[in-house]
Amino acid sequence: MRTTKIAPIAIALLLAAAGSAQRPNAKRADVSGSRIIKADSEPGNWMSHGRTYDEQRFSPLKKINDTNVSQLGLAWSLPLDADHGLEATPLVVDGVMYTSSAWSIVYAVSASTGEMLWKFDPKVPRAMLAKACCGPPNRGVAVWEGKVFVGTLDGRLIALDANNGKVAWENQTTDKTKPFTITGAPRVVKGKVLIGNGGAEFGVRGYVTAYDANTGKQAWRFYTVPGDPAKGFENKAMERAAKTWNGRYWEVGGGGTVWDSMAYDPDLNQLYIGVGNGSPWNREVRSPGGGDNLYLSSIVALNPDNGDYIWHYQTTPGDSWDYTATQHMILADLPIHGTTRKVLMQAPKNGFFYVLDRKTGELLSATAYTAAMSWATGVDMKTGRPIETPNARYIKGPEVALPGPLGAHNWQPMSFSPLTKLVYIPALDLPFAYAQGPAFKYLKDRWNLAIDLPLTAAPDDPEGLKQLAGIIKGHLVAWDPVAQKPAWTVEHPYPWNGGVLSTAGNLVFQGTSAKEFVAYAADTGKKLWSFPTQVGIQATPIAFSANGEDYISIMTGWSGAAILVAGGAIAPPVDSKAHRVLTFKIGGKETLPVIRPVSQAFPQPPALTADAATVKKGKDLFHSYCKVCHGDSALGNGVVSDLRKIDAATHKNWDAIVLNGILKSAGMVSFKDVLNKQDADAIHAYVIKRANEDYAAANKK
């Protein structure tokens with residue numbers, strides 16, 4: 001069975017307990033466009049991913065405020081049987097919470113008690129982990145007229161009956177022969193479910209698709225990059241885009257996946273999508289001879305009725321750095337030069353905060369929201385193009401750049417308060433060494449970046465890591481989009497922190513990698529309250545009400561690219577896989593039990609017998625094929641296997657795992673298509689070297 005449910009009489013009792021002050025006689029998940037547009041009239045609900053179509057992630061609730069937040073306590077917690085961290089923004093509709101976990105598993109929960117109503121597991125094959133750049137997370141569901149919609153890691157869009165979690169319809173949105181994934185939350189606009197996908201690192205052509213919410217029938221599809229010109233173009237937008245590409249880009253996909261953010265303006269009837277990086281990253285390989293490569297790293301406005309192109313703005317023309325524009329977009333009305341303008345705001349990876357006229361795409365301002373910028377000195381307001389530094393594209397040699405491919409802001413959503421007029425950005429400083437890679441050869445279902453990955457390795461030695469840590473930072477930036485400067489900034493000890501909620505109670509909430517859930521004063525940034533969560537947080541909080549009480553809820557657990565690739569270098573080790581929903585209220589008295597501890601044992605590794613040349617080869621191969629899951633310089637942190645701490649049996653079965661794929665069902669597929677026995681032995685030698693080094697350091701008297 002894919003769906004787990006409790007007895008109907010128990011569901012009825014739980015729903016009675018949950019209550020719904022707004023719509024006591026409503027059917028489950030009875031959400032429409034009208035309700036989302038008028039969301040402020042029922043502020044106790046959180047009915048869409050960003051609460052409202054403008055994605056401001058601001059709650060009008062204010063019973064929890066800056067005068068009483070110190071009394072906030074845990075109301076309930078719900079452990080989820082996830083083996084990776086949680087990134088979803090829960091929805092709450094009429095007393096029921098709908099959310100998702102890793103592997104696209106969906107849950108319906110009583111919002112006031114945390115009691116499980118039903119659970120749906122789409123049974124995603126664990127081998128999909130090898131095709132997912134950043135683990136198997138899911139960022140949430142959508143609800144509409146009695147259905148719950150989820151995009152699955154293996155590319156399906158599934159509609160569930162909100163009453164019981166049973167499948168209403170299911171549609172494979174991707175070509176299963178290609179390495180597509182879905183981790184983003186769907187949106188529903190005018191009866192159409194909108195979903196994009198990921199996979200640009202592996203070699204796919206991006207698009208966003210609309211499906212009829214009732215039937216699952218495809219309504220339209222908009223491709224974000226052109227295909228093979230010999231086969232014709234789907235529309236004029238693709239024909240125009242093709243003029244900005246060179247070479248045989250379509251043979252490696254082109255990229256441009258729409259893997260996360262969207263927003264919608266019902267008055268203008270415009271849908272906004274954020275478009276990702278190229279495939280491969282390096283434009284010199286992807287599009288020899290240059291070109292802007294539309295619509296990579298762009299904000300694109302579409303007609304939601306038919307998917308027709310309206311306008312675009314490209315944040316990073318000819319992207320070569322993985323500077324996606326898939327980051328959170330916010331719609332608001334702001335006074336610009338004395339005139340109120342309907343604007344779209346985004347802080348994409350490239351480090352500039354953009355304010356656009358959302359009707360036309362006109363650039364109104366673009367200012368660096370982080371001081372850690374080395375690839376560009378500003379944005380030319382006449383052309384809208386970044387002013388690149390001389391070797392930004394690493395053509396003349398390696399270039400250490402800020403920001404790196406994780407960006408100055410990644411997928412974790414920001415928030416806008418219409419009261420303070422500030423945007424709260426979860427920002428980060430994390431450098432990266434870019435360099436031209438060896439002669440490029442496309443590898444099916446593997447990372448295809450066309451850069452020198454071994455060069456990007458962090459130092460193996462503790463002193464080198466200490467120096468690196470000195471320039472790695474995380475910030476919560478309260479950005480004034482009119483004055484184009486920060487109003488206040490909070491410094492975090494680690495760079496990879498959670499999304500942001502702001503409220504009418506003059507509060508800003510954020511979870512951190514330092515294992516805290518924190519409330520700040522929205523106007524000053526003063527820390528007012530914190531709660532120890534036992535594990536880092538990447539997800540984004542919500543505010544809701546039930547039975548006359550206001551609640552704040554957050555999902556916990558580390559995940560994402562930074563934690564997998566460099567977690568051991570930039571964050572404390574995972575000591576608890578405490579994947580939970582935590583929900584707070586004033587006067588909450590619940591305590592948080594410690595669950596699922598992660599062993600920190602460091603078994604003595606085998607002796608290193610390989611010579612230096614073999615170890616060097618293994619290091620290069622490790623950073624080409626292994627580090628994206630097992631950590632830079634084998635600095636694992638417990639989210640997936642820390643190879644420095646594997647036991648004797650795993651060392652013995654190394655070839656069976658790496659070449660024969662005996663752990664495929666756990667996500668570790670065979671690499672025999674790209675590695676031979678000598679390669680596997682070399683990687684093993686490097687891992688043994690690293691294990692011995694860190695074992696000795698850990699046991700040093």
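Residues numbered from 1 in each chain as written. Predicted model: local features only at pLDDT ≥ 70, side-chain atom pairs only at ≥ 80, totals over all residues. Heavy atoms only, no water.

Draft legend 1. Main features of the overall build of the chain. If you tally the helices and strands in the chain, you get eleven helices and 40 strands. A compact globule built from 701 residues would reach a C-alpha radius of gyration of about 27 Å, and the chain, at 24 Å, matches this within 12%. Each of the three principal axes of the chain carries a C-alpha extent, and together these read 70 × 55 × 50 Å. Long-range contacts, defined here as pairs at least 24 residues apart, represent 62% of the contacts in the chain between residues at least 6 apart. (Helix = DSSP H or I, 4+ residues; strand = E, 2+ residues; numbered from the N terminus. Rg over C-alpha atoms; globule rule 2.2 N^0.38 Å. Contact = heavy atoms within 4.5 Å.)

Draft legend 2. Structural detail: the state of the cysteines. Counted under the stated rule, the structure contains one disulfide. Sulfur-sulfur distance for the disulfide between Cys133 and Cys134 comes to 2.2 Å. On the S-S bond that ties Cys133 to Cys134, the torsion sits near -85 degrees, and the link is left-handed. Here Cys626 is not disulfide-linked; the sulfur of Cys629 is the nearest cysteine sulfur, at 9.0 Å. (Disulfide = S-S within 2.5 Å.)

Draft legend 3. Local environment of the sheet that holds strand 14 (residues 207–212). A sheet is described by the order of its strands in space; here four strands give the open sequence 12-13-14-15, paired in antiparallel fashion. Since the sheet does not close on itself, it has two edges, and those belong to strand 12 (187–189) and strand 15 (218–223), each with one partner. Sheet twist, expressed as the mean angle between neighbouring strand axes with direction ignored, is 25 degrees. In this sheet, strand 14 lies alongside strand 13 (residues 192–195) in antiparallel orientation, the contact comprising four bridges. In the strand pairing of strand 14, Leu194 is matched with Ala210. (Pairing = 2+ DSSP bridges. Axes fitted to C-alpha atoms, helices over the stretch in contact; angles between N-to-C directions.)

Draft legend 4. Layout of the packing of aromatic side chains. Going through the model one piece at a time under the given rule, you end up with 31 aromatic pairs. Each ring, one from Tyr207 and one from Tyr223, has its centre 5.3 Å from the other, and the planes form 65 degrees; the classification is edge-to-face. Within this pair, whereas Tyr207 is found in strand 14, its partner Tyr223 is found in strand 15, the two being separated by 16 residues in sequence. Their ring planes at 50 degrees and their centres at 4.9 Å tell us that Trp321 and Trp375 sit as a pair that is tilted. Of this pair, Trp321 sits in the loop between strand 21 (309–314) and strand 22 (329–336) while Trp375 sits in the loop between strand 25 (363–368) and strand 26 (376–379), placing them 54 residues apart in sequence. On the basis of relative accessibility, which here comes to 0%, the residue Trp321 falls in the buried class. (Phe/Tyr/Trp six-rings, centres within 6.5 Å; stacked < 30°, edge-to-face > 60°. Buried < 20%, exposed > 50% of the residue type's maximum accessible area, 1.4 Å probe, protein only.)

Draft legend 5. Looking closely at the sheet that holds strand 24 (residues 352–357). Spatially, 22-23-24-25 is the arrangement adopted by the four strands of the open sheet, whose pairing is antiparallel. Two strands bound the open sheet, and with one partner strand each, they are strand 22 and strand 25. When the angles between neighbouring strand axes are averaged without regard to direction, this sheet yields 25 degrees. In the sheet, strand 24 pairs with strand 25 via five bridges, with the strands oriented antiparallel. Within strand 25, the residue paired with Tyr354 across the bridge is Ala366.

Draft legend 6. How the structure looks around the pattern of salt bridges. Using the criterion set out here, one finds 36 salt bridges in the structure. For Lys131, the salt bridge is made with Asp445, and the minimal N-O distance between the two is 3.9 Å. Of this pair, Lys131 sits in the loop between strand 7 (116–120) and strand 8 (142–144) while Asp445 sits in the loop between strand 31 (432–434) and helix 5 (462–469); the two residues are 314 residues apart in sequence, bridging distant segments of the chain. Neither residue differs from the other here; Lys131 and Asp445 are each classed as buried. The closest approach of N and O atoms between Lys527 and Glu516, which form a salt bridge, is 3.4 Å. (Salt bridge = Lys/Arg side-chain N within 4 Å of Asp/Glu carboxyl O.)

Draft legend 7. The side chain of Ser502, seen in detail. Structurally, Ser502 is set in strand 34 (residues 500–503). Residue classification places Ser502 among the buried residues on the basis of a relative accessible area of 0%. Not counting residues within four places of it along the chain, the set of residues in contact with Ser502 comprises Arg57, Phe58, Ser59, Ser415, Phe416, Ser417, Tyr424, Leu507 and Val508.

Draft legend 8. Seen up close, the packing of helix 7 (residues 612–625) against helix 11 (residues 677–698). Where helix 7 contacts helix 11, the axes come no closer than 7 Å and their chain directions differ by 95 degrees. The orientation of helix 7 with respect to helix 11, classified from their angle, is roughly perpendicular. Between helix 7, through Thr614, Val615, Lys617, Gly618, Lys619, Leu621, Phe622 and His623, and helix 11, the contact on the second element is made entirely by Gln678, Asp679, Ala682, Ile683, Ala685, Tyr686, Val687 and Lys689. When the residues that make up the contact of helix 7 with helix 11 are grouped by side-chain class, the tally is eight nonpolar, four polar and four charged. (Parallel < 35°, antiparallel > 145°, perpendicular 65-115°, else oblique. Nonpolar A, V, L, I, M, F, W, Y, C, P; charged D, E, K, R; others polar.)

Draft legend 9. Focus on the environment of Asp694. Along the chain, Asp694 falls in helix 11. Owing to a relative accessible area of 14%, Asp694 belongs among the buried residues under this scheme. Counting along the chain gives 268 residues from Asp694 to Pro426, while the straight-line C-alpha distance between them is 32 Å. Discounting residues that sit within four places of it in the chain, Asp694 has contacts with Phe602, Leu635 and Arg644.

Draft legend 10. Expanded view of the nonpolar core. Ranked by size, the top nonpolar core spans 100 residues in total, and within it Tyr98, Ile273 and Phe509 carry the most contacts. Formed by 29 residues, the second largest nonpolar core is a distinct cluster that contains Phe352, Leu356, Tyr394 and Ile451. (Core = buried A, V, L, I, M, F, W, Y, C linked by side-chain atoms within 4.5 Å.)

Draft legend 11. Geometry of unusual backbone geometry. With an omega of -5 degrees, the peptide bond between Ser279 and Pro280 qualifies as cis. Here Pro280 shows up in the loop between strand 19 (278–279) and helix 4 (283–286). Going from Leu402 to Pro403, the amide bond is cis rather than trans, its omega being -5 degrees. Inspection of the secondary structure puts Pro403 in the loop between strand 28 (399–401) and strand 29 (415–417). Of note, Gln484 is a non-glycine position whose phi angle comes to about 60 degrees, a positive value. Along the chain, Gln484 turns up in the loop between strand 32 (473–480) and strand 33 (485–492). By relative accessible area, which is 30% here, Gln484 ends up partly exposed.

Draft legend 12. Region of the structure containing the side chain of Asn391. Along the polypeptide, Asn391 turns up in the loop between strand 27 (386–388) and strand 28. If we ignore the near neighbours within four places in the chain, the residues touching Asn391 are Lys396, Gly397, Pro398 and Glu399.

Draft legend 13. Region of the structure containing helix 11. In this model helix 11 runs 31 Å from its N-terminal to its C-terminal C-alpha over 22 residues, within 8% of the 32 Å that 1.5 Å per residue would give. In this structure, the buried side of helix 11 is in contact with helix 7, helix 9 (648–652) and helix 10 (654–658). The opening residue of helix 11, the one whose side-chain oxygen lies 3.1 Å from the backbone nitrogen of Gln678, is Asn676. (Expected span 1.5 Å × (residues − 1). Polar contact = N/O pair within 3.5 Å; in protein donor to acceptor, adjacent residues only side chain to side chain.)

Draft legend 14. Inspection of helix 7 at higher detail. Here helix 7 contains 14 residues, and its C-alpha end-to-end distance of 20 Å stays within 8% of the 20 Å for a straight helix at 1.5 Å per residue. Turning to helix 7, its buried residues number three or more, namely Val615, Gly618, Leu621, Phe622 and His623. On its buried face, helix 7 sits against helix 8 (627–630) and helix 11.

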